[in-house]
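Read off the chains here:
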Amino acid sequence: MEVPEAGVVFWILSVVIIVSGMLVVSLKNIFHCALALVVCLFAVAGIYLLLEAEFLAAAQVLIYVGAVAILIIFAVMLTTDLASGKITQTNENATIAFVACVMFAAVAMFLIKKTRVWDISPFGLSFDNVSAIGKYLMTEFMLPFEVVSVLLLAALIGAVVLARKERS
Amino acid sequence: MFPYLALSAVLFSIGLFGVLTRRNVIGILMSLELMFNAANINFVAFNRFVATDGLVGQMFAIFIVVVAAAEAVVGLSIVLLIYRNWRGIGTDNIHVMKW
Amino acid sequence: MTEYSFLIALLPLLAFVMIVFFLRWKEQLSAAFSIMSILASWVMSVVVLIETIARHGVAYEAYYKFLDLAGFVPEIGILIDPLAAVMLVVVATIGAAVEIYSVGYMHGDPLFSRFFAYLSLFLFSMLGLVLANNFFMIFIFWELVGLTSYLLIGFWFEKKSAADACKKAFLTTRAGDLGFLVGLFMIAVYAGTFNYGGVFEQVAAGAIPAGILTAIAIFVFCGAVGKSAQFPLHVWLPDAMEGPTPVSALIHAATMVAAGVYLVARSMPLFVGSAEASMVVAVIGLITSFMAASIALVQNDIKRVLAYSTISQLGYMIMALGLYGYDYTQGHHSAGYLAGTMHLMTHAFFKGLLFLAAGSVIHAVHTNNIQEMGGLWSKMKLTAPAFIIASLSISGIFPLSGFWSKDEIIAATLNHPVFMVFTLAIAFMTAFYMFRLCFLTFFGKPRDQQCYDHAHESPRNMTYPLVFLAFMSIFAGWVGMPWLPDYLHLGSFMYHGQAYHAHPHYALMIISTIMAVSGIWLAYLFYYKKSISADRVAEKLKPLYTLLYNKYYIDEIYQAVIIDPVMAIARFMWKFDAGIIDGLVNGTAWLTVLWSDAKQWFDKWIVDGAVNATGWIVRQGANVLRFVQTGRVQGYAAFILMMVVLVVLCKLELSQQDPGWPRLAALFAAGIGVLMLLSRLSAARQRATGNIKQEE
């Protein structure tokens with residue numbers, strides 16, 4: 001496997017990701033889980049940087065960390081279950097789910113191994129990221145762009161409607 | 001590329017585990033975000049190493065991010081509704097559709 | 001009038017129809033209608049007789065063929081020849097006398113109109129029989145006469161003895177009719193026609209083989225044996241006395257039983273063609289006559305004595321006719337034909353008178369038993385002399401009718417000494433038993449004082465016919481006196497072949513008179529003067545007396561030999577039918593029930609069982625699997641994940657060059673195992689948390 005040297009950075013980042021991911025799925029305190037999620041998302045942004053997707057990394061931080069994670073924290077605060085700090089956060093399916101996920105991971109690895117798409121480009125991407133993305137948004141991905149706008153609008157309205165104070 | 005894909009797979013599995021086991025609905029949503037991110041990593045890795053004369057992978061990843069955001073919004077407002085109705089958001093209690 | 005002579009028979013039929021449909025409840029009208037019809041018939045028949053005499057006895061025939069098939073040509077028609085003309089007058093006379101008498105005798109009977117209806121129907125049948133011009137028609141009327149005789153004998157059918165008697169009469173004559181029918185078939189086959197003239201032509205031409213002719217003659221005679229109560233079919237006549245006395249007078253003295261003699265006289269051309277048949281006829285006649293006379297000696301019922309007397313006299317007639325036929329085959333023209341037919345005529349009158357007078361006596365003393373009567377001469381001033389006159393006539397005392405006809409009969413036996421001896425003996429016995437009857441009934445001290453006290457003379461409508469018949473009993477036979485010139489003598493009018501010229505046989509006359517007088521004198525000694533005790537003689541000859549009293553046990557023999565076996569066969573057949581045939585039917589029904597039971601069991605246990613089993617299986621499966629549906633989406637998702645992994649593994653396995661089936665099977669089993677495991681775990685968990693909804 002000829003691979004451009006991922007380097008130490010990659011390994012550090014991947015450890016961070018994995019550990020925080022595990023924290024997300026297993027901590028008792030939701031708030032701590034949310035914070036772990038933030039860490040994870042930051043680390044993922046770092047991975048993007050490694051993969052020469054700068055705009056995406058910025059967008060990740062802005063959107064995911066800055067909005068989604070905050071939103072999640074808001075929701076956590078709004079729905080505090082006083083007792084939830086005391087009970088286990090994993091339900092009765094834990095064993096089976098664990099087994100299943102392990103198997104899934106194994107199968108995935110196996111499949112990755114089997115896939116012979118190793119067309120590794122020794123050089124990097126040939127684009128300047130930001131302008132290229134802007135150009136794509138306006139040409140090839142015009143439709144998805146517009147649709148996504150509508151989608152966001154719908155989500156906005158939907159959220160407002162759903163979370164409105166009850167009448168009567 | 002293999003490490004990136006491996007990372008993506010592992011992160012996905014972790015997120016999957018969380019979806020299947022978290023008692024808290026918000027916890028499920030957070031694990032779901034992990035899965036989205038794992039997919040994103042996959043897309044971007046392939047874009048970088050396999051299809052280098054285009055940014056389709058990244059575009060995809062951007063759209064995933066946007067849609068995930070919208071979905072998180074709606075999901076959380078649903079969570080609010082659940083909280084209002086059941087006075088709690090433990091998945092243990094939300095099994096109305098059992099036999 | 002001869003062209004309309006069929007009306008003679010139809011008028012009584014009209015009376016019958018009128019009474020049956022319209023006059024049931026009008027008794028006087030019914031009687032009037034009936035008597036009017038028979039009187040009209042009588043007038044017509046007298047006119048017809050005069051016309052026939054005027055024609056010098058030439059036969060008149062008119063017929064209508066209503067069917068013409070090969071060999072079977074039935075026709076209806078009338079034949080008026082001297083025999084028929086005389087017979088018509090006889091039947092009409094006796095019929096009229098009996099009908100007038102019945103008005104008095106049946107007075108007060110609830111079924112008065114019906115009696116006259118039956119009488120009219122009988123007269124229609126008898127007159128039609130006489131008028132017939134062919135064997136087929138005579139057979140039809142023959143059967144009709146049998147039917148009406150059944151109806152009349154069983155008139156008081158509520159009495160069991162009467163019902164039995166009419167059945168016996170019908171069946172016994174039926175047995176004879178069977179022979180007659182066979183004779184008819186043979187006539188149709190061999191002669192091709194039923195017409196008298198046609199058949200007799202063929203016989204005279206010799207178209208029928210001799211043996212066949214004998215057979216035909218004997219079969220036809222069978223009918224006469226039944227109807228005229230000859231041995232062995234005589235058993236019905238004594239029992240037929242159960243009917244009202246007018247019936248006995250009409251049917252069993254004068255008319256119906258005469259039908260047999262009439263038939264033999266009609267069929268004489270058949271008998272003269274066969275010596276064997278004629279001898280059979282004569283022998284049977286003799287046996288009958290002797291047997292019946294011997295039985296009449298010891299009977300105590302007045303009507304029984306008269307019945308056996310009738311049988312005996314009929315035997316005389318049959319014997320005479322048979323001897324005539326035999327003599328004819330030998331070339332002699334004997335007195336038999338004249339004797340038989342003349343005796344038929346005179347016998348009708350004096351036997352009819354005897355019965356009617358006996359009815360008058362019974363009407364007076366209300367008993368039939370002569371041992372209970374006696375001394376009625378002083379009480380019944382008209383009946384008694386009439387009865388005596390008739391008895392003298394039947395005994396053959398000069399110059400009454402019976403003397404002349406009996407004389408002719410004895411003359412008929414001239415060529416047969418054995419027959420003559422027996423005939424004279426029978427004449428002696430006849431005189432004896434008739435005057436035994438007279439002395440015991442009318443003379444001497446009354447044996448039953450009560451009967452005597454109640455006795456009275458009968459009303460006028462009963463006694464006037466007696467007077468008339470007594471007159472006829474004296475004078476009717478005078479046409480047979482041998483000294484008469486030919487144009488007055490009966491033999492030149494009624495004959496077969498050629499006219500018969502009678503010669504007086506003085507020796508015979510004297511011998512027959514001696515026989516008759518000695519019979520009367522013996523009866524006088526026994527029963528009037530009582531110088532010989534009847535009882536002592538009876539004691540001395542006990543076996544003979546018992547045999548005679550019990551009518552030679554013939555009825556008992558018939559019962560044992562014929563009737564009981566037939567009944568036994570019938571009973572067996574009934575058992576067979578009820579047991580086996582009905583058993584078969586019931587058996588199939590039982591089988592059907594069994595089969596349907598089996599099918600019901602099958603349907604209940606196997607068919608329904610299969611349906612129920614399917615449901616049971618689903619239930620059991622559901623019982624196991626229902627725990628899988630927990631309502632928790634996460635659980636579902638976990639399961640889906642497992643399955644997806646397994647599917648991917650399967651696909652991996654299948655995409656290889658050589659799929660390893662054991663591994664696939666293992667994967668599949670693993671999938672099922674996961675499902676089961678999941679359901680078990682969730683069941684356990686839910687039971688633990690008390691979350692289980694009980695299964696209904």
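Residues numbered from 1 in each chain as written. Chains lettered and ligands numbered in written order. Predicted model: local features only at pLDDT ≥ 70, side-chain atom pairs only at ≥ 80, totals over all residues.

Let us now look at the overall build of chain C. Within chain C one finds 26 helices and two strands. Here chain C holds 696 residues, and the buried ones make up 48% of them. Within chain C, contacts between residues at least 6 apart in sequence are counted, and of these 79% link residues at least 24 apart. (Helix = DSSP H or I, 4+ residues; strand = E, 2+ residues; numbered from the N terminus. Buried ≥ 20, exposed ≤ 12 C-beta atoms within 10 Å, placed from the backbone. Contact = placed C-beta atoms within 7 Å.)

Bringing the overall build of chain B into the picture now. Helices and strands together make up the secondary structure of chain B, namely three helices and zero strands. When the helices and strands of chain B are placed in sequence order, the string is α-α-α. Within chain B, the fraction of its 99 residues that count as buried is 61%. Long-range pairs, those at least 24 residues apart, make up 49% of the contacts in chain B with a sequence separation of at least 6.

Turning next to the interface of chain A and chain B. Where interface size is quoted, it is often the accessible area lost as the parts come together. Taken together, the 71 residues of chain A in the interface contact 62 residues of chain B. Sorting the residues of the side of chain A that touches chain B by element identifies helix H1 (7-26), helix H2 (30-50), helix H3 (54-78), helix H4 (94-114), helix H5 (129-138) and helix H6 (142-162) of chain A as the ones contributing at least two each. For the side of chain A that touches chain B, the element with the most residues is H3 of chain A, which contributes twelve residues.

Moving on: H1 of chain A. Residue and element names in this part refer to chain A. With 20 residues, H1 ought to run about 28 Å at 1.5 Å a step, and its terminal C-alpha atoms sit 29 Å apart, in line with that. Buried within H1 we find Leu-13, Ser-14, Ile-17, Ser-20, Gly-21, Val-24 and Val-25. Around the axis of H1, the buried residues are gathered within 140° of arc, so they sit on the same side. Looking at H1, the residues exposed on the side facing more than 90 degrees away from the buried face are Val-8, Trp-11, Ile-12 and Val-15. (Expected span 1.5 Å × (residues − 1). Arc of directions from axis to C-beta.)

Contact geometry of H1 of chain A with helix H1 (residues 2-21) of chain B gives a least axis separation of 9 Å together with a crossing angle of 10°. Considering the angle they form, H1 of chain A stands roughly parallel to H1 of chain B. Taken together, the residues of H1 of chain B that come into contact with H1 of chain A (itself represented by Phe-10, Ser-14, Ile-17, Ile-18, Gly-21, Met-22, Val-24 and Val-25 of chain A) are Pro-3, Leu-7, Val-10, Leu-11, Ile-14, Gly-15, Phe-17 and Gly-18 of chain B. When its residues are assigned to classes, the contact of H1 of chain A with H1 of chain B shows twelve nonpolar, four polar and no charged. (Axes fitted to C-alpha atoms, helices over the stretch in contact; angles between N-to-C directions. Parallel < 35°, antiparallel > 145°, perpendicular 65-115°, else oblique. Nonpolar A, V, L, I, M, F, W, Y, C, P; charged D, E, K, R; others polar.)

Residue and element names in this part refer to chain C. In this model, Phe-231 is joined to Pro-232 through a cis peptide bond whose omega is 5°. Mapped onto the fold, Pro-232 is located in the loop between helix H8 (210-227) and helix H9 (236-239). The peptide bond linking Phe-398 to Pro-399 adopts the cis configuration, its omega dihedral lying at -5°. Residue placement: Pro-399 occurs in the loop between helix H16 (383-395) and helix H17 (401-412).

Residue and element names in this part refer to chain C. With respect to the helices and strands, the residue Gly-402 is situated in helix H17. In this structure, the C-alpha to C-alpha distance between Gly-402 and Ile-474, residues 72 residues apart in sequence, is 8.0 Å. Residues in contact with Gly-402, not counting those within four places in the same chain, are Thr-346, Phe-350, Ser-393, Ile-394, Ser-395, Gly-396 and Gly-477.

With that settled, the discussion passes to H17 of chain C. Residues and elements named next belong to chain C. With twelve residues, H17 extends 17 Å between its outermost C-alpha atoms, agreeing within 8% with the 16 Å of an ideal straight helix rising 1.5 Å per residue. Of all twelve residues making up H17, twelve are buried, and the element is well covered by its neighbours. What H17 keeps buried is the set Ser-401, Gly-402, Phe-403, Trp-404, Ser-405, Lys-406, Asp-407, Glu-408, Ile-409, Ile-410, Ala-411 and Ala-412. Close packing links the buried residues of H17 with helix H14 (302-329), helix H15 (336-365), H16, helix H18 (417-442), helix H20 (460-475) and helix H21 (506-527).

With that settled, consider the packing of helix H2 (residues 27-54) of chain C against helix H4 (residues 112-131) of chain C. All names here are of chain C. Following both chains from N to C, one finds H2 and H4 inclined at 15°, their axes separated by 8 Å at the closest point. One finds that H2 runs roughly parallel with respect to H4. Of the two possible hands of crossing, H2 and H4 adopt the one that is left-handed. Residue-level contacts link Glu-27, Ser-30, Ala-31, Ser-34, Ser-37, Ile-38 and Ser-41 of H2 to Phe-112, Ser-113, Phe-116, Ala-117, Leu-119, Ser-120, Leu-123 and Leu-127 of H4. (Left-handed = near helix turned anticlockwise from the far one by under 90°.)

For the rest of this paragraph, the subject is the environment of Ala-249 of chain C. Residues and elements named next belong to chain C. In this fold, Ala-249 is placed in helix H10 (residues 245-254). Judged by local crowding, Ala-249 falls into the buried class, with 30 C-beta atoms found within 10 Å. For the pair Ala-249 and Gly-359, spaced 110 residues apart in the sequence, the C-alpha separation amounts to 8.9 Å. Once residues within four sequence positions are removed from consideration, Ala-249 is found in contact with Val-98, Ala-254, Gly-352, Phe-355, Leu-356 and Gly-359.

Another point: the confidence of the model for chain C. Mean pLDDT over chain C works out to 85, with 98% of the residues at or above the 70 mark. Scoring the predicted complex yields pTM 0.63 and, for the interface, ipTM 0.87. (pLDDT = per-residue confidence, 0-100.)

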